[in-house]
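Summary of the model geometry
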Amino acid sequence: MSLPAFLVCFSIMFYFVSVVASDSCASTLALEAEEPSAVPESHASSAARAAGLQDCILSAAASEAGMTMLTFVVVFAAGTLLRRAAPDSAIISQRSRTAVGTAAFDRYSAKGKDCEATPSSPVAPRALLHASRFSPTDGAANEDVVAATANRRTSASCRRPATAEARASSSEADALAAAVRAGRAKDLPKLLDAAFERAFGDSDFDLLGGDELVAGRAMCARLLLSSLRACATWRCFREALSAYDHTKRRLGSGSTAVWSLLLYSAVEAGQFGRCEVFFEKLCALGRPSSNDFSNMVRYHALRRDQDGLRRTLARLVQLGSEVDVLSRNRAMAACCNAGAPDLAEVLLASQAICPAGADAVAFNTLMKGHAHAGRPARCFELHEEMLARDILPTEMTFGILLNTCNGAGEQSRAKQVFKDLCASGLQLNTVHYTTYMKGLVSTGIIDDAAAVLGQMLETPGASPDLVTYSMLVKAYADRGDVTAAMGMLEQLVRQGIRADAVVLNMVLGACYAKATPPAQVFEVLERLLAYGLKPSSVTLSILVKAFVKAEAFDDALALLAAPGAEQRHRRFLGASGAPEARLFAQLAQAAARAGRGAMALAAYAAMVEAACSDTPLCSSAPPQQLVAEAASARLLQICGAAGQADAARALHKAVVEANRSKEVTMARRQLRAAAQEAAASAAGARQ
């Protein structure tokens with residue numbers, strides 16, 4: 001049983017029970033009224049009888065409630081059954097359809113002479129059709145229902161001429177916005193057509209006239225505006241322009257909101273040919289807003305069109321438009337972001353459009369734009385002009401100037417800027433110090449940068465961060481100063497900053513910037529492990545470079561493949577880790593460049609033998625291959641260039657044959673034997 005049927009049955013049963021109880025109570029009350037008791041009652045019996053009378057009264061009230069409930073449930077069930085019987089629309093609910101039909105009828109009735117509408121009018125038949133669609137009768141009875149419905153709607157439209165129309169239009173607009181949210185922005189043209197047809201039937205829009213034409217254009221503008229707003233929210237700009245192209249013949253003059261959104265959509269979609277057309281239609285209806293001003297500035301900036309920008313500014317001045325400082329600065333930022341700081345200067349020079357004049361934000365925007373465009377000289381000129389206008393620099397101003405000095409390599413000017421910043425009374429922050437130290441480090445003045453770090457530690461609100469310390473650690477590491485790099489790392493840890501793998505590997509990198517004995521390298525590594533270093537293939541690569549720098553090729557080879565290397569690899573790379581084939585190639589390449597061809601061949605043989613062991617110590621082999629043939633071919637080329645072509649060629653041939661073999665165990669054994677033979681050949685050549 002459905003819910004409406006259940007509610008009807010329950011309410012009927014409740015009603016009849018209430019009626020029976022009510023009748024019984026009524027009889028009791030009548031007897032009480034006709035035959036009052038002559039015997040004096042006790043207090044208890046009197047209270048009991050009063051309670052009985054109260055129950056009777058409540059039962060009577062329940063009967064009335066039952067009647068009310070029955071009426072409500074019947075109406076609810078009928079409405080539910082009608083909704084189920086009515087066909088649903090994919091986009092517009094049936095309630096919206098009826099409302100739109102009512103709106104068309106009300107609109108004609110309200111605007112007709114003396115609020116009279118006849119079935120012969122061009123709108124009335126369509127409205128009556130909507131009114132009669134769900135009527136359960138046919139023929140003459142249906143005609144009576146339709147006529148009664150039309151009369152009720154006509155009188156309602158006379159009282160409230162705009163309510164039904166606004167309600168219908170709002171429902172259609174909500175449906176269009178929902179379609180855009182659902183990802184159906186491309187369907188807007190046909191959805192707009194469907195909405196218009198529901199309101200005006202299948203009549204050709206070109207044949208409409210009078211008040212109906214005015215109403216059609218107004219409705220089209222409202223629906224298009226809702227669609228454009230939804231498209232702007234979901235950034236469906238091309239779809240918004242397509243919806244306009246499809247409905248523009250119905251639009252008429254539109255509205256300022258419509259043309260403003262179309263201008264925004266054209267700029268975002270990159271359809272610049274439309275921008276000036278939309279702008280002129282907007283100007284014809286009123287003064288453009290600050291957002292419209294910003295969009296036109298973006299349009300000209302993206303086209304690098306200074307003359308066009310000047311024409312637009314003149315047009316705005318002609319209309320009496322002005323923008324505030326915030327809008328002007330935002331438009332200048334848009335020009336600089338588009339790589340057109342020259343257009344930003346045009347805006348700054350236009351006093352008619354923004355009488356407030358320039359401020360520090362405007363100059364900062366211009367300086368930053370010219371700095372990004374590679375014009376440091378103009379940036380410094382703007383700073384001088386700023387001071388000449390008695391505009392005080394801000395923290396942002398000094399930050400831009402320091403960055404510009406670093407980019408131009410003008411460290412002497414940077415020192416003066418930093419000195420002015422310290423004397424300005426402004427609060428120095430971490431960015432100021434780090435930027436200035438970056439310039440010092442880039443010119444090799446690391447000790448001065450360390451001194452600035454000491455000053456930074458004494459400045460409230462300017463604590464150094466990981467970026468600051470990383471910059472100094474790298475500077476000392478690149479110089480090969482392991483002690484200073486380690487000292488900077490220890491200072492970082494004392495400040496409560498957690499060092500990441502990048503910083504820790506930077507310290508280890510100091511060991512190959514300058515030749516360091518292997519024993520000291522391992523000592524540094526142990527200290528880094530204590531600070532939380534989690535070694536990786538990058539760490540192994542740095543160690544190989546450090547040993548090669550110290551010409552400790554045997555130590556480097558032992559690190560990768562000597563007996564006991566498996567335990568080291570597990571410590572560096574985890575339980576299943578193994579050095580990559582590129583590390584063996586790195587060692588072989590370094591040995592070949594140092595004129596040690598035999599060591600290059602030994603590295604090749606070590607890679608193959610490690611890959612063929614029961615617990616492979618060399619990774620990066622593709623599936624179905626014991627040894628990566630690409631890596632083997634590269635090592636063959638390195639060894640061939642180092643004078644070990646014959647032995648390397650034989651080893652590579654063994655690799656290819658082993659990868660082709662179906663007997664994996666036998667192939668591994670044969671390949672291991674070939675690798676050992678190559679290693680013996682390399683050992684003999686080294687002696």
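Residues numbered from 1 in each chain as written. Predicted model: local features only at pLDDT ≥ 70, side-chain atom pairs only at ≥ 80, totals over all residues. Heavy atoms only, no water.

1. Here we look at the overall build of the protein
For the protein, the helix and strand inventory stands at 33 helices and zero strands. Per-residue burial over the protein gives 44% buried out of 687 residues. Sequence separation of at least 24 residues holds for 67% of the intrachain contacts in the protein that already meet a minimum separation of 6. (Helix = DSSP H or I, 4+ residues; strand = E, 2+ residues; numbered from the N terminus. Buried < 20%, exposed > 50% of the residue type's maximum accessible area, 1.4 Å probe, protein only. Contact = heavy atoms within 4.5 Å.)

2. Quick word on the packing of aromatic side chains
Using the criterion set out here, one finds eight aromatic pairs in the structure. Ring plane angle 75° and centroid distance 5.7 Å describe the contact between Tyr-244 and Trp-259, whose orientation is recorded as edge-to-face. Of this pair, Tyr-244 sits in helix 9 (residues 237–251) while Trp-259 is found in helix 10 (residues 256–269), placing the two residues 15 residues apart along the sequence. Given the relative accessible area of 2%, Trp-259 is considered buried. Both rings, one in Tyr-244 and one in Phe-278, keep their centres 5.4 Å apart while their planes meet at 85°; by these two values the pair is edge-to-face. (Phe/Tyr/Trp six-rings, centres within 6.5 Å; stacked < 30°, edge-to-face > 60°.)

3. Examining the pattern of salt bridges
Taken as a whole and judged by the stated rule, the model has 20 salt bridges. In this structure, Arg-235 and Glu-268 form a salt bridge, with 2.9 Å as the shortest nitrogen-oxygen distance. Here Arg-235 is found in the loop between helix 8 (210–233) and helix 9, whereas its partner Glu-268 is found in helix 10, with 33 residues between them in sequence. A relative accessible area of 25% means that Glu-268 is categorised as partly exposed. Its salt-bridge partner being Glu-385, residue Arg-389 comes within 3.1 Å of it at the nearest N-O pair. (Salt bridge = Lys/Arg side-chain N within 4 Å of Asp/Glu carboxyl O.)

4. A few points about the confidence of the model for the protein
Chain-level pLDDT for the protein is 79 on average; 70% of the residues reach the 70-or-more range. For residues 19–54, every residue scores under 50 in pLDDT, and the model assigns this stretch 15 contacts once sequence neighbours within four places are set aside. This stretch, residues 81–162, has a pLDDT under 50; its non-local contacts, to residues over four places away or in other chains, come to 87 contacts. (pLDDT = per-residue confidence, 0-100.)

5. Details of helix 16 (residues 360–372)
Over its 13 residues, helix 16 runs 18 Å from end to end, which matches the ideal 18 Å to within 8%, given 1.5 Å per residue. Its buried side turned inward, helix 16 meets helix 14 (325–337), helix 15 (341–349), helix 17 (376–388) and helix 18 (395–408). After helix 16 finishes, the residue Gly-374 shows a positive phi value of roughly 75°. (Expected span 1.5 Å × (residues − 1).)

6. Regarding the environment of Leu-347
Its location among the elements puts Leu-347 in helix 15. Through-space distance from the C-alpha of Leu-347 to that of Leu-313 is 8.6 Å; in sequence the pair is 34 residues apart. Excluding anything up to four places from it in sequence, Leu-347 contacts Phe-293, Val-297, Leu-309, Leu-313, Arg-328, Ala-331, Met-332 and Cys-335.

7. Section: helix 18
The end-to-end C-alpha distance of helix 18, which contains 14 residues, comes to 20 Å, matching closely the 20 Å that a straight helix rising 1.5 Å per residue would cover. Within the span of helix 18, buried status applies to Thr-397, Phe-398, Gly-399, Ile-400, Leu-401, Leu-402, Thr-404, Cys-405 and Asn-406. Next to the buried residues of helix 18 lie helix 16, helix 17, helix 19 (411–423) and helix 20 (430–442). Downstream of helix 18 by a residue or two, Gly-409 has a phi angle that is positive, lying close to 70°.

8. Quick word on the packing of helix 12 (residues 290–302) against helix 14
Contact geometry of helix 12 with helix 14 gives a least axis separation of 9 Å together with a crossing angle of 20°. Viewed along their axes, helix 12 and helix 14 adopt a mutual orientation that is roughly parallel. Our pair here, helix 12 against helix 14, has a crossing hand that is right-handed. In this structure, helix 12 contributes Ser-290, Asn-291, Phe-293, Ser-294, Val-297, Arg-298 and Ala-301 to the contact, and helix 14 contributes Ser-327, Arg-328, Arg-330, Ala-331, Ala-334 and Cys-335. Broken down by class, the residue content of the contact of helix 12 with helix 14 amounts to six nonpolar, four polar and three charged. (Axes fitted to C-alpha atoms, helices over the stretch in contact; angles between N-to-C directions. Parallel < 35°, antiparallel > 145°, perpendicular 65-115°, else oblique. Left-handed = near helix turned anticlockwise from the far one by under 90°. Nonpolar A, V, L, I, M, F, W, Y, C, P; charged D, E, K, R; others polar.)

9. Digging into the environment of Lys-474
Its location among the elements puts Lys-474 in helix 22 (residues 466–478). Taking relative accessible area as the criterion, Lys-474 reaches 40% and is therefore assigned partly exposed. For Lys-474 and Met-488, which are 14 residues apart along the polypeptide, the C-alpha to C-alpha distance reads 9.9 Å.

10. Topic: the packing of helix 9 against helix 10
Relative to each other, helix 9 and helix 10 sit at 140°, their axes nearing to 9 Å. Judged by the inter-axis angle, helix 9 sits oblique to helix 10. Handedness of the crossing formed by helix 9 with helix 10: left-handed. Residues Phe-237, Arg-238, Ala-240, Leu-241, Tyr-244 and Leu-251 of helix 9 pack against Val-258, Trp-259, Leu-262, Tyr-264, Ser-265, Ala-266, Glu-268 and Ala-269 of helix 10. Residues of the contact of helix 9 with helix 10, tallied by class, amount to 11 nonpolar, one polar and two charged.

11. A look at the side chain of Thr-435
Within the secondary structure layout, Thr-435 lies in helix 20. There is a polar contact of 2.7 Å between the side chain of Thr-435 and the backbone oxygen of Val-431. (Polar contact = N/O pair within 3.5 Å; in protein donor to acceptor, adjacent residues only side chain to side chain.)

12. Let's talk about the side chain of His-370
Assignment of secondary structure puts His-370 in helix 16. Look at His-370 and you get buried, because its relative accessible area is 1%. Apart from the residues lying within four places of it in its own chain, the contact partners of His-370 are Pro-341, Asp-342, Glu-345, Arg-375, Arg-378, Cys-379 and Leu-382.

13. What to know about unusual backbone geometry
Positive phi, close to 55°, is recorded for Arg-304, a residue that is not glycine. Mapped onto the secondary structure, Arg-304 falls in the loop between helix 12 and helix 13 (306–318). Taking the relative accessible area as the measure of exposure, Arg-304 reaches 47% and is therefore partly exposed. For Asp-390, which is not glycine, the phi torsion reads 60° and is therefore positive. Residue position: Asp-390 is located in the loop between helix 17 and helix 18. Using a relative accessible area of 68% as the deciding quantity, one classes Asp-390 as exposed.

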